[in-house]
Amino acid sequence: MTEGKTSYVPVIIVGGGQAGLSVSWHLTQKNIAHKVFERHEKFHSWRKNRWDSFCLVTPNWQCRLPGYPYQGDDPNGFMLKTQITDYLDGFAESFDPPLHENVDVSRIAALEAGGYLVETSIGSWTCDEVVIATGGYDEPIVPTYADKLDPSIIQMHSRDYRRPAQIPEGATLVVGTGQSGVQIMEDLVRDGRKVHLAVGPAPRSPRKYRGRDATDWLYDMGHYAITIQQHPDPGKALAQTNHYMSGRDGGKEIDLRRFVVENNISLYGSLSDIDGSQFAFLPDLEKNLDDADKSYLSICQTIDRFIECEGIQAPTEAPFEKLWHPETEITEIDARELNLTSIIWSIGFRPNYQWIEVDVFDDHGRPVYDRGVCKAPGFYFIGLGWLNTWGSGRFLGIDEDSKYLAEKIETRLQDKPIMAAE
């Protein structure tokens, strides 16, 4: 491309993770010319934004990228961080996508004559179709009251956590009980650290149940094929944090009550404020633990009904038992008294779409689409949770979603000359 010149390509994909490259795979099969712009290197989040002991929470068999299903010898296991990146690199090498790494897309705007202008750090392009595959993890969420924390107490977001050696000696408060929070908590416990945990409203799931991984049962039941339109409570599905469990040590469930009994962690309700070394919590610990157990039991009961209805021979399970419950709700602590020297924020991320100047958002700045297809002609999103099904933001469903968008793109471009893929 010549310096200062605006060039044309039919399709531009922004984001070189598994979602963007899955769309690229399908476009390549259709011989539709396109470019993929990635702000960092491909699969950056998997390489750089995960801790050392990170592993998948879903079994390896669910890794079904286009034309590149998991082919290892442990389909029921859970790939470690380096194994995940090896799998992803193998997928990219399988079709050599037109990927441009370390390219920042600074602006996308609709053109009056149709199509879009895409401005990047290496020049500008016009195109007919744009696919946004940047995910929802742009900006780590940290509460405003974090600014009031005693500066002698180290704080970091889960995105920056790598290993216990990063954390100073003393106790750690992990805030949040989504998948990252509980797994980082366990990572610290295994290192012999004293851990305090602020328990949020995240649900939990069984791991192995009635002789199989719970996700295997749910898949056979058609649970993962339910679309957001078919879901009995779409609002809850979109807002709910992922169920927490772990793929570590071959896969296991996380029962926070058991961690109190066996590992002496301290549990509190949701963190609500900080003033220096004084921490305030909501009195919702017991409710949050009970709600997580209700989710766990609901999944177990759903599996039980399926087994009975289908006449499946499966081992039975011992009745559920609460191993611990809080006798009182602790709503205030002094970090100095507890030798608490660090905080890890594990309360999620938010996307950043400020660089998109196209009318595809609602009043709250959230993209509006139907299976990723926006009302703005030729504008799409991919790789977001519940784009269509539970698997949309995961390895399990990305092939189906990307194939659907590629077909929509092909239909729109059918009256235009299709150039050879670069």
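Please refer to the structure placed before this passage.
Please read these numbers as outputs of a predicted model, since none were measured by experiment.

Draft legend 1. Main features of helix α3 (residues 81–93). End to end, α3 covers 18 Å across 13 residues, agreeing with the expected 18 Å (1.5 Å per residue, within 8%). All of the buried residues along α3 are K81, I84, T85, Y87, L88, D89, G90, F91 and A92. On its buried face, α3 is in contact with α1 (18–29), α2 (44–48), β4 (64–65) and β5 (68–69).

Draft legend 2. Up close: the packing of aromatic side chains. A complete count under the given rule lists 21 aromatic pairs for this structure. Considering the side-chain rings of W46 and F54, the 6.0 Å spacing of their centres and the 65° angle between planes classify their relative orientation as edge-to-face. A single burial state applies to W46 and to F54, both of which are buried. Ring plane angle 15° and centroid distance 4.6 Å describe the contact between Y268 and F281, whose orientation is recorded as stacked. In this pair, Y268 sits in strand β17 (residues 266–268) while F281 sits in strand β19 (residues 278–281), placing the two residues 13 residues apart along the sequence. A relative accessible area of 3% means that Y268 is categorised as buried. Judged by its relative accessible area of 4%, F281 falls in the buried class. The ring of Y296 has R204 lying over it, and the distance from NZ or CZ to the ring centre is 4.1 Å. We note R371 situated over the ring of Y404; from NZ or CZ to the ring centre the distance is 3.8 Å.

Draft legend 3. Up close: the pairing of strand β8 (residues 116–120). Most of β8 sits inside the fold, with 4 of its 5 residues counted as buried. Relative to β8, strand β7 (residues 105–110) is paired through 5 bridges, and the arrangement is antiparallel. In the sheet register, A110 faces β8, and the bridge partner there is Y116. Taking the residues that link successive antiparallel strands as the turn, the β7-β8 hairpin has 5 residues, and the phi of G114 there is positive, at about 105°. Taken together, the 5 bridges between β8 and strand β9 (residues 123–127) define a ladder with antiparallel strand orientation. Across the sheet, residue V118 finds its bridge partner in β9, namely W125. Between the antiparallel neighbours β8 and β9 lie 2 residues.

Draft legend 4. Highlighting the environment of Y224. Inspection of the secondary structure assignment puts Y224 in the loop between α5 (214–220) and α6 (234–239). Considered as a pair, Y224 and W390 are 166 residues apart in the sequence and their alpha carbons are 5.7 Å apart. Setting aside anything within four residues of it in sequence, one finds Y224 in contact with Q62, T215, L218, Y219, T389, W390 and L396.

Definitions and cut-offs
Per chain, the residues get numbers from 1 upward, laid out in the order the sequence is written. Residue-level local features of this predicted model are given only where pLDDT is at least 70; pairs of side-chain atoms are given and counted only at 80 or more, and the full residue set underlies all totals for whole chains, interfaces and linings. Side-chain figures throughout are based on the complete set of non-hydrogen atoms in the structure, without hydrogens or water. The secondary structure listing takes helices from DSSP runs of H or I that are at least 4 residues long and strands from runs of E that are at least 2 residues long, numbered from the N terminus. A helix is expected to reach a length of 1.5 Å times the quantity of its residues less one. A simple rule labels every residue: compare its accessible area, found with a 1.4 Å probe on the protein chains alone, to the largest value its type can have, and call it buried under 20%, exposed over 50%, or partly exposed in between. Contact definition: two residues touch when any of their heavy atoms are within 4.5 Å. Working definition: a ring pair exists when centres of Phe, Tyr or Trp rings (six-membered ring for Trp) sit within 6.5 Å. Plane angles under 30 degrees give stacked, over 60 give edge-to-face, the rest tilted. Charge-over-ring contacts are defined here by two conditions on Lys NZ or Arg CZ: a distance within 6 Å of the ring centre and an angle within 35 degrees of the ring normal. When DSSP finds two or more bridges between two strands, those strands count as paired.

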